[in-house]
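Spelled out, the chains give:
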Amino acid sequence: ASDGASLGTAIFAIGLAMSAIVARLVRVLAKRVLGQDYITAARCCGLGWVRIVLTHVLPNIAPTLLVALALQFGLAVIAEASLSYLGLGAPPPNASWGQLLQQAQATVYTAPAGVLVPGAALMLMVLSINFVADGLRDRLDAAEETPR
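Residues numbered from 1 in each chain as written. Predicted model: local features only at pLDDT ≥ 70, side-chain atom pairs only at ≥ 80, totals over all residues. Heavy atoms only, no water.

(A) Representation of the packing of helix 2 (residues 37–44) against helix 3 (residues 49–85) within the structure. The interhelical angle for the contact between helix 2 and helix 3, taken along N-to-C directions, is 160°, at an axis separation of 10 Å. Between helix 2 and helix 3, the interaxial angle falls into the category roughly antiparallel. Judged by the twist between their axes, the crossing of helix 2 over helix 3 is right-handed. Facing Tyr 38, Ile 39, Ala 42 and Arg 43 of helix 2, the residues of helix 3 in contact are Trp 49, Ile 52, His 56 and Asn 60. For the contact of helix 2 with helix 3, the per-class residue count stands at five nonpolar, two polar and one charged. (Axes fitted to C-alpha atoms, helices over the stretch in contact; angles between N-to-C directions. Helix = DSSP H or I, 4+ residues; strand = E, 2+ residues; numbered from the N terminus. Parallel < 35°, antiparallel > 145°, perpendicular 65-115°, else oblique. Left-handed = near helix turned anticlockwise from the far one by under 90°. Contact = heavy atoms within 4.5 Å. Nonpolar A, V, L, I, M, F, W, Y, C, P; charged D, E, K, R; others polar.)

In structure tokens, the structure reads:
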């Protein structure tokens, strides 16, 4: 591993890359909510921006944002495994599926379980995260459709 390879560096790099996507989504969702008539009415009633954001914007963008964050988490797991496979992730005292895959690459023909087990675990985790995000989206969509 190189001098810059550490768990903190990997987390920072992945977080920085993912933050642009989340920030863009928050901006689009917030602009959509801020264009609604009830926001104009709240501003005319003298509500401050902080109160408008906390009482109107955040509750309306939270469901979509929560699902997007769950999907981003699955992508972050794959990104960490990729960085570790390349030797840019957590150093050897820490365990990583990417590191396990990289170490087992030399014995893939003689001991295929060394590659299959961490690869399958990585795939199952990301697939599970995506299923949870999909179920969360379905549940939040159903909650929005019920009359109050």
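And the narrative resumes.
(B) Representation of the nonpolar core within the structure. Residues Leu 29, Ala 30, Val 33, Ile 39, Ala 42, Ile 52, Val 57 and Ile 61 constitute the largest nonpolar core, which totals eight residues. Ala 30 has contacts with Val 57 and Ile 61, leaving out every residue within four places of it along the chain. Counting residues in hydrophobic clusters, the runner-up holds five residues, among them Val 77, Leu 122, Val 126 and Ile 129. (Core = buried A, V, L, I, M, F, W, Y, C linked by side-chain atoms within 4.5 Å. Buried < 20%, exposed > 50% of the residue type's maximum accessible area, 1.4 Å probe, protein only.)

(C) Geometry of the pattern of salt bridges. For the coordinates displayed, the defined rule picks out two salt bridges. Across the pair Asp 134 and Arg 137 runs a salt bridge, and its minimum N-O distance is 2.6 Å. Separated by three residues within a single helix, Asp 134 and Arg 137 lie in helix 5 (residues 113–145), roughly one turn from each other. Judged by its relative accessible area of 31%, Asp 134 is partly exposed. Linking Asp 138 and Arg 137 is a salt bridge whose minimum nitrogen-to-oxygen distance equals 3.5 Å. The exposure class assigned to Asp 138 is partly exposed, which follows from its relative accessible area of 41%. Residue class for Arg 137 comes out partly exposed when judged on its relative accessible area of 39%. (Salt bridge = Lys/Arg side-chain N within 4 Å of Asp/Glu carboxyl O.)

(D) Expanded view of the layout of surface pockets. Computed from the structure, the largest pocket encloses a volume of approximately 220 Å³. Looking at the largest pocket, the residues that line it are Leu 7, Ile 11, Ile 14, Gly 15, Met 18, Phe 73, Ala 76, Val 77, Glu 80, Ala 81, Trp 97 and Met 125. Counting residues per element, the ones that place at least two in the lining of the largest pocket are helix 1 (7–34) and helix 3. Space inside the second largest pocket adds up to approximately 150 Å³. At the level of elements, helix 1 and helix 3 are the ones that each hand at least two residues to the lining of the second largest pocket. (1 Å grid on protein atoms, 1.4 Å probe; cavity = no way out; pocket = protein on both sides within 12 Å on 5 of 7 lines; lining within 4 Å. Points joined across faces, edges and corners; volume = space filled by probe spheres on them.)

(E) Representation of the side chain of Gln 99. Looking at the element boundaries, Gln 99 is found in helix 4 (residues 97–104). Ignoring sequence-local partners within four residues, the contact set of Gln 99 consists of Ser 84, Tyr 85, Ala 90, Pro 91, Pro 92 and Asn 94.

(F) Highlighting the environment of Ala 10. Within the secondary structure, Ala 10 is located in helix 1. You can call Ala 10 buried: its relative accessible area is 2%. Distance in space between the C-alpha atoms of Ala 10 and Gly 114 is 24 Å, their sequence separation being 104 residues.

(G) Broad picture of helix 1. With 28 residues, helix 1 should reach 40 Å at 1.5 Å per residue; the first-to-last C-alpha distance of 39 Å fits that figure. Approximately 25° is the largest bend angle found in helix 1, and it occurs at Ser 19. Ala 10, Ile 14, Met 18, Leu 29, Ala 30 and Val 33 are the residues of helix 1 that are buried. On the buried face of helix 1, the contacting elements are helix 2 and helix 3. (Expected span 1.5 Å × (residues − 1). Bend = angle between axes of the 7 residues up to and from the residue.)

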